[in-house]
Amino acid sequence: MTTSETGQVTGTADKDYNIIWYTEHCLDNTLRLEAFIQDADRGGDSELAEFFRKAQADSRKGAEMGKQLLRSRLAG
């Protein structure tokens, strides 16, 4: 674990990059889980499909929270 930001490497402060990274991964996870849901549905496994739907909803919520935080920081 580092004790200082490494934004000089990327040109973006770590805290900004971290929000962007988190949001992108939540969105990616939401899309990936859609395929898992379809696989479970095709296999007739409603319990697994529901599990992935709940996980997808959590990822979607995380993405929305990240987007809201980015909007507020970019507006300011």
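The structure reproduced in this document is the subject of the present report. Just so it is clear, the model here is predicted, and its values are computed rather than measured.

**What about the side chain of T23?**
With respect to the helices and strands, T23 occurs in helix α2 (residues 14-42). Relative accessible area serves as the criterion here: at 5%, T23 is assigned to the buried category. At 2.9 Å, the side chain of T23 forms a polar contact with the backbone oxygen of I19. Residues in contact with T23, not counting those within four places in the same chain, are A63, G66, K67 and L70.

**Details of a nonpolar patch on the surface**
A grouping of Y17, W21 and Y22 is seen on the molecular surface, where their side chains present a nonpolar patch of about 330 Å² in accessible area. Of note, Y22 is situated in helix α2.

Cut-off values and rules
- Residues numbered from 1 in each chain as written.
- Predicted model: local features only at pLDDT ≥ 70, side-chain atom pairs only at ≥ 80, totals over all residues.
- Heavy atoms only, no water.
- Helix = DSSP H or I, 4+ residues; strand = E, 2+ residues; numbered from the N terminus.
- Buried < 20%, exposed > 50% of the residue type's maximum accessible area, 1.4 Å probe, protein only.
- Polar contact = N/O pair within 3.5 Å; in protein donor to acceptor, adjacent residues only side chain to side chain.
- Contact = heavy atoms within 4.5 Å.
- Patch = residues over 30% accessible without salt bridge, like charges linked within 9 Å, V, L, I, M, F, W, Y side chains within 5 Å.
- Areas by Shrake-Rupley, 256 points an atom, 1.4 Å probe, with all protein chains shown as cover.
- Salt bridge = Lys/Arg side-chain N within 4 Å of Asp/Glu carboxyl O.

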